[in-house]
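Chain by chain, the residues run as shown.
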Amino acid sequence: MSEEIAVIPGDGIGSEVVPVAVDVLDAVGDFEFVHADAGDAVAAETGTPLPAETRALAASADATLFGAAGETAADVVLPLRDAVGSFVNVRPARAYPGVDALCPELDIVFLRENTEGVYTGDEVREDGRATLTRVVTEDASRRLAEYACDYAPEGFHVAHKANVMRETDGLFLDTVEAVARERGVPTESVLMDALATHLCLSPGEFEVVVTPNLAGDVLSDLAAGLVGGLGLLPSANIGGERGLFEPVHGSAPDIAGEGIANPAATVLSAAMLLDFLDHGDAAASVRSAVESVLADGPRTPDLGGDAGTDEVADAILDRV
Ligand code: GGG
């Protein structure tokens, strides 16, 4: 029986890049694609950005391919990450041969906590004062650390700001370090602000970095800038039985509808989806096709080229 993949393009350029990844998946495997809607446009039409059937589909499909969230990101992508039972957002950022990069030696993976921190949505704005409750638990920090120890048994960095946020980042850091110690995995802690500088000045020092939720979002976007742009970064929301795979970029309203969005990040997310479903050979073939196109194929304007999404898509499909 073929595996079921939920396809949720979301907003803006999501509907331009997700079909490319679906064509690529279709070329390398036997999948049943089930399409569903979510996002700003759905909210405008129906009053809800994430219809119950879309959430249910993500919760039941073998894997979900998501595009981009816009203004309703908090009501779309966070519940979808929850629906698949994910607790870690894996975000690899690497420079590709042939692509102009500020840091050509950067090859890093962020393991971002995916369920709590400042992303719990517990915010109040009242009488000229806004507050946000940040939640950090030992359980969530522990399962992320366990994942990191399996992922990088040779060791990893832990990003934090425990010198200021003593209790929240303190608990996060203490727990991750304690688990790593129990497992015999070496770790090095690094203040997240200093890490931003080190990433630019000595990118080769970092391979795997475990981060709290928001820090992982910000640092991976920084890394995207260092390797050539957000059009290159895929991600996997995993940890549970299901997985949600999405480019790191958002809906890019400035270029949406122009047919020039870079599909690489979404196709690379599809490669992560293939790995998740144990189709390692297909994943490798998709990655190598993308790398080959990035090296000498047509490029979208974000990478200095003048090709459209369709032209890059055809080149990737030709080389899969
Ligand atoms: N495809 C990822 C996406 O839609 N990003 C927009 C966004 O606001 N993301 C926040 C996050 O990744 O936590």
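- Per an unreviewed UniProt entry, the chain carries the name Bifunctional 3-isopropylmalate/3-methylmalate dehydrogenase and comes from Salarchaeum japonicum.

### Let's talk about the nonpolar core
- Residues L111 and F156 are the most contacted members of the largest nonpolar core, which totals 84 residues.
- With 8 residues, helix α9 (residues 264-276) is the single largest residue contributor to this core.
- Residues A38, A58, A69 and L244 belong to the second largest nonpolar core, which totals 16 residues.

### Thoughts on the environment of V22
- Mapping V22 onto the fold places it in helix α1 (residues 14-28).
- Given a relative accessible area of 10%, V22 falls into the buried group.
- Distance in space between the C-alpha atoms of V22 and V267 is 8.3 Å, their sequence separation being 245 residues.
- The residues contacting V22, other than those within four sequence positions of it, are V7, F33 and L65.

### Considerations on the UniProt feature "domain: Isopropylmalate dehydrogenase-like" (unreviewed entry) in the chain
- As recorded in UniProt, the feature "domain: Isopropylmalate dehydrogenase-like" (unreviewed entry) lies at residues 4-316.
- Secondary structure across residues 4-316 divides into 43% helix and 19% strand, with the first and last C-alpha atoms of the span separated by 23 Å.

### Side note on the pairing of strand β4 (residues 88-94)
- Most of β4 is tucked away, with 5 of its 7 residues classed as buried.
- Bridging between β4 and strand β11 (residues 236-238) involves 3 bridges; their strand directions are antiparallel. Across the sheet, residue V90 finds its bridge partner in β11, namely A236.

### Considering the environment of F87
- Relative to the elements of secondary structure, F87 occurs in the loop between α4 (73-83) and β4.
- The exposure class of F87 is buried, given its relative accessible area of 12%.
- Leaving out residues up to four positions away in the same chain, F87 has contacts with R112, E113, N114, T115, R143, L144, Y147, I238 and G239.

### Side note on the packing of α1 against helix α11 (residues 309-319)
- Interaxial distance between α1 and α11 falls to 10 Å at its minimum, and their mutual angle equals 15°. Regarding the angle of α1 to α11, the classification is roughly parallel. The two elements α1 and α11 meet at a crossing, and its hand is right-handed. On α11, the residues that touch E16, V20, D23, V24 and A27 of α1 are T309, A313, I316 and L317.
- For the contact of α1 with α11, the per-class residue count stands at 6 nonpolar, 1 polar and 2 charged.

How each quantity is defined
Residues numbered from 1 in each chain as written. Predicted model: local features only at pLDDT ≥ 70, side-chain atom pairs only at ≥ 80, totals over all residues. Heavy atoms only, no water. Core = buried A, V, L, I, M, F, W, Y, C linked by side-chain atoms within 4.5 Å. Buried < 20%, exposed > 50% of the residue type's maximum accessible area, 1.4 Å probe, protein only. Helix = DSSP H or I, 4+ residues; strand = E, 2+ residues; numbered from the N terminus. Contact = heavy atoms within 4.5 Å. UniProt positions renumbered as here; feature names shortened; annotations may be inferred. Pairing = 2+ DSSP bridges. Axes fitted to C-alpha atoms, helices over the stretch in contact; angles between N-to-C directions. Parallel < 35°, antiparallel > 145°, perpendicular 65-115°, else oblique. Left-handed = near helix turned anticlockwise from the far one by under 90°. Nonpolar A, V, L, I, M, F, W, Y, C, P; charged D, E, K, R; others polar.

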